[in-house]
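Now for the letters of each chain:
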Amino acid sequence: MTFDNLTGQLFWPTPLKDWRIEEHGFQPEAVIKNGNKFLTANGYMGYRGTLEENGAAELAAVNLSGVYDQRGTAWREPVNAPNPFHVVTRVAGQVLDPLQHPISDHEQVLDMAAAVHHRRTTFSTGNTLVTITANRFLDMAQPQFMFLEYIVQVKQATVISVTAGIDKQIWDINGPHLVDCQSWREDSVFGYGGQTGESQLAVTTLSRILVNQGECNDIDRPDQVGQTIAVTVTPERPLCLLIAAAVTTGRETDAPIAALADTLASYTPETIGQEYNRHCQKLAALWHTSDIQIEGPQQDQVALRYNILALMMIAPLAGSQLSIPARGLSGQTYKGAVFWDTELFMTPFFLATQPAVVRDLVAYRLKGLIGAKKKAVEYGYTGAFYAWESQEDGYDATSDYNVTDVFTNRPMRTYFKDKQIHISGDVALAIWQAFQWLQDPAILSQGGAEVIVECARFYVSYATARLDRSEVAFTDVIGPDEYHERVSNNAFTNRVALATIEAALAAIAYLRENNAEYLAKIAQQWQLTDLLPLFTETAARIRLQTPNAAGVISQFDGYLALADDSIDTVRSRLLKPKEYWGGAYGVASQTQVIKQADVVMMLAVFPNDFSSDIVRANWQYYEPRTEHGSSLSYSMYGLIAAQLGMTAPAYDFFQKTAAIDLTGESKQWAGTIYIGGTHPAASGGTWRLAVEGFAGLHVENDQLVATPHLPSQWQKMAFRTYYQGHWYRVNVTAAGAVVSIADDEKIGVDD
Ligand code: BGC
């Protein structure tokens, strides 16, 4: 069906420079990197920032949140849905793709105000120019839906043929995940999908194409289902396509395919325009509470917004009980697993800007308690030992052999799953923090207290006490610095274990005061009479690493006696560039070189433990020894530097953490395995560095206080934050900060 009134420019990107990420010119080697940089997402799914003509070879993907599948014995990973926006334009049989065809101009833009992906490419074909412009968005108001407008303009009349529709070739790392795939068509709507091999969950993409002119023919080929459009395009009348598409899975029983197909069939250019407005309104409401405005270099403003948008787009949908994977919704890397990244790096952002999201982040961990308890039993402990790499139900996806040895090509035994026990405390403390920040008793009484107590029980059962019971130790663990495996008394781990047990005692005391009925119900299950003295006694005796004469806190027992080689020396010992630095034979293992913030991470999580002199001494000791081999590292060094008033290095770290997905300079391939993707922990860390570091926002006696340390490049900062039932505005200048209640805010914790 053709629509004469279809003229394009429905989702036109903003011209405002501080709301745009843009790249001009085409670099073939940047196609995959840009798939991450220009990602758009809406919590239900992520669409990689590839071009419409791209396919599996360029890692085009529609990555689904919370749908996983395992094929054979390969790693279990999230499922990609068939891509409905595969559009290829041909002139005289030649494909217009900058990878294959000469171009005179190319731009790719992410409009951050509306989360619209825009590209415009001008191709030189024969003696004329053909320009393709395409804008797409993943609907924030109706998250199963997405829309694309695609416009072909010419300098002189040209015969154009376009093939548009659903790409049947899905990019998978360990796939294919969809079996028994079929295409179908009902009037103007067509679809393609199958079911996952492991749990027979249906995954289907539906689509409908609206055009303004041309001869349209339906196609269903082995590689694509959709339409071809043949037309002579003139300069006066560009060819315009509007594609409305939806993805559905077996989870959405309340939105059967027929209902989605009806909605797609009913769309006109006007109603799609209205839907775009609804999407923009939804996003504007998120920006209203989440934006940080600065007076300073435009590139910093843009980078801040980029990282904020990255988090807003991948927040789990309300009621989904899902969380955020370490690579967001950018693909299947890292098995789509949720790590401590969410609790320590992202949750603070959501608590302050979109508290409703925290309910799902917490609900996800409550759901995971079953798996965490099973894991504890498997390892011979009691309580809850959370998954290091957690998939949709909280079961541990970490392989025992997570790294491949580059010399032998054999899998190497790693101990992330077995020994990174700080994960339980990271989960418990985030729930405790959510309870305090939101002042919401339901967080404790609807399962939160149980998680905290079970995590505390786990630590008590893991701890080993000296015979005279003078000291409690946590031996054979891995701290945040994964290069040093199976160490004892990692400073961060022990401190987290102590805080978890203290939180459990505080949660029980709170329930006793405020919800005795609930406590009575579960006291039996917890055997409180035995548990309380055990908690108190263990907490009193946990061995904490303390500063030495120079003020330095040992990362673990014996760390300071390791060879004190420089990072360059350690790097020079690598025999192969992709060699693993940690584990039994790693170049860093016998030295003090560490992967990421560890003691400094502890100082960030427990800011009141030590004087600023001690904090400074440790920052200065550990920073030169840190490889920053994880995207989690820069932000914590920056945060502590800012809090210490060391604004120059803090600013340097801000730029590094904020740019991780903009430059794409992080590790992308491990041998032949793609490990790239977006880095939401670095985005959350960017926010934390700006808000908790530069603005110095913190809580003192249940009051929000800001003690700013602005970098010299910034004159002002302004943002909103939610805290204990109120919205606040925080205005920061070099002279100080004002934190004031913003009673006009309409958006509450449950909106
Ligand atoms: C880091 C972990 C992190 C994980 C996922 C690893 O490289 O060492 O701390 O949780 O990546 O981002």
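See the structure shown above.
Quick notes on the rules
Counting starts from 1 at the beginning of each chain's written sequence and moves along it residue by residue. Under the rules for a predicted model, residues below a pLDDT of 70 receive no local features and side-chain atom pairs below 80 are neither given nor counted, while totals for whole chains, interfaces and linings still include all residues. Only hydrogens and water are set aside when side-chain values are computed; all heavy atoms of the structure are taken into account. Working definition: helices are DSSP H or I runs of at least four residues, strands are E runs of at least two. Numbering for both runs from the N terminus. Every radius of gyration here is taken over C-alpha atoms, with the globule rule written as 2.2 Å times N^0.38, N being the number of residues. For every residue, the accessible area obtained with a 1.4 Å probe (protein chains only) is divided by the maximum for its type, and the residue is called buried under 20%, exposed over 50%, and partly exposed between those limits. In what follows, residue pairs with any heavy atoms lying within 4.5 Å of each other are defined as contacts. Areas reported as accessible are Shrake-Rupley estimates using a 1.4 Å probe. Residue values count occlusion only from the protein chains shown. Lys and Arg are tallied as positive, Asp and Glu as negative. Neither His nor the chain termini are counted. Where a charge lies is defined by one atom per residue type, namely NZ (Lys), CZ (Arg), CG (Asp) and CD (Glu). By convention in this text, a residue qualifies as near a molecule or strand provided that one of its non-hydrogen atoms is within 4 Å of it. Throughout this description, a polar contact denotes any pair of N or O atoms lying within 3.5 Å of each other; where both atoms belong to protein, one of them has to be capable of donating a hydrogen while the other can accept it, and for residues adjacent in sequence the pair is counted only when both atoms sit in side chains. Asp, Glu, Lys and Arg are counted as charged, while Ala, Val, Leu, Ile, Met, Phe, Trp, Tyr, Cys and Pro are counted as nonpolar; the rest, among them Gly, fall into the polar class. The term nonpolar core refers to a set of buried residues drawn from Ala, Val, Leu, Ile, Met, Phe, Trp, Tyr and Cys, joined through side-chain atoms within 4.5 Å. Residue ranges for the domains originate in an automatic or database domain assignment. Axis angles are defined between N-to-C directions and span 0 to 180 degrees, where every axis is a line fitted to C-alpha atoms and, for a helix, only to the segment in contact. For classification purposes, angles smaller than 35 degrees are called roughly parallel, those larger than 145 roughly antiparallel, those between 65 and 115 roughly perpendicular, and all remaining angles oblique. Two helices crossing with the near one rotated counterclockwise from the far one by less than a right angle form a left-handed crossing, whereas a clockwise rotation gives a right-handed crossing. Expected helix span is computed as 1.5 Å times (number of residues minus one). When DSSP finds two or more bridges between a pair of strands, those strands are recorded as paired.

Caption draft 1: Looking closely at the overall build of the protein. In terms of helices and strands, the protein carries 20 helices and 30 strands. Here the C-alpha atoms of the protein give a radius of gyration of 27 Å, agreeing with the 27 Å that 2.2 N^0.38 yields for 751 residues. Across its three principal axes, the protein shows a C-alpha extent of roughly 90 × 65 × 55 Å. For the protein, buried positions account for 61% of its 751 residues. Relative to all contacts within the protein whose residues are 6 or more apart in sequence, the contacts with residues 24 or more apart total 68%. Of the accessible surface of the protein, which amounts to about 27900 Å², a share of 50% is contributed by carbon and sulfur atoms. Seen as two clouds, the 56 positive and the 82 negative side-chain charges of the protein have centres 3 Å apart.

Caption draft 2: Main features of the site of the ligand. By nearness alone, every residue bordering the ligand is listed as Ala-326, Tyr-334, Phe-339, Trp-340, Asp-341, Trp-388, Glu-482, Lys-595, Gln-596, Ser-630 and Leu-632. Lys-595 is positioned such that a nitrogen or oxygen atom in its side chain is 2.7 Å from an oxygen atom of the ligand. Between the ligand and Gln-596, the relevant distance is 2.6 Å, taken from an oxygen atom to a side-chain nitrogen or oxygen of the residue. Coverage of the ligand by the protein chains reaches 94% of its 310 Å² of free accessible surface. For the shell around the ligand, the residue count by class is 6 nonpolar, 2 polar and 3 charged.

Caption draft 3: Focus on the nonpolar core. Ile-292, Trp-340, Phe-350, Phe-474 and Met-717 are the most contacted members of the largest nonpolar core, which has 168 residues in total. Viewed by domain, this core spans two of them, domain 1 (17–287) and domain 2 (295–741), each represented by three or more residues. In this view, Trp-340 contacts Phe-345, Trp-388, His-422, Ile-423, Asp-426, Pro-480, Phe-492, Gln-596, Met-601 and Leu-632; residues no more than four positions away in its chain are not counted. Among the nonpolar cores identified, the runner-up in size contains 41 residues, and Val-62, Val-91, Phe-123 and Val-203 belong to it.

Caption draft 4: Structural detail: the packing of helix H18 (residues 647–658) against helix H20 (residues 680–694). Closest axis-to-axis distance for the H18/H20 pair is 8 Å, and the angle between their directions is 155°. As the angle between them shows, H18 and H20 are arranged roughly antiparallel. Here the hand of the crossing between H18 and H20 comes out left-handed. Judged by residue contacts, Ala-650, Tyr-651, Phe-653, Phe-654, Thr-657 and Ala-658 of H18 engage Ala-682, Thr-686, Leu-689 and Phe-694 from H20.

Caption draft 5: Quick peek at H20. The end-to-end C-alpha distance of H20, which contains 15 residues, comes to 20 Å, matching closely the 21 Å that a straight helix rising 1.5 Å per residue would cover. With 15 of 15 residues buried, H20 lies mostly within the body of the structure. Once H20 ends, the next one or two residues include Gly-696, with phi positive near 65°.

Caption draft 6: Seen up close, the packing of helix H6 (residues 355–367) against helix H9 (residues 422–438). One can describe the packing of H6 onto H9 by two numbers: an axis separation of 11 Å at closest approach and a directional angle of 145°. Taken as a pair, H6 and H9 cross one another with a handedness that is left-handed. Residue-level inspection shows Pro-355, Val-358, Val-362, Arg-365 and Leu-366 of H6 in contact with H9, the latter providing Ile-423, Val-427, Ile-431, Ala-434 and Leu-438. Of the residues in the contact of H6 with H9, the class split is 9 nonpolar, no polar and 1 charged.

Caption draft 7: Geometry of the sheet that holds strand S3 (residues 45–47). Ordered in space as S2-S3-S4-S5, the 4 strands form an open sheet in which the pairing is antiparallel. Strands at the two margins of the open sheet, each flanked by one partner only, are strand S2 (40–41) and strand S5 (77–81).

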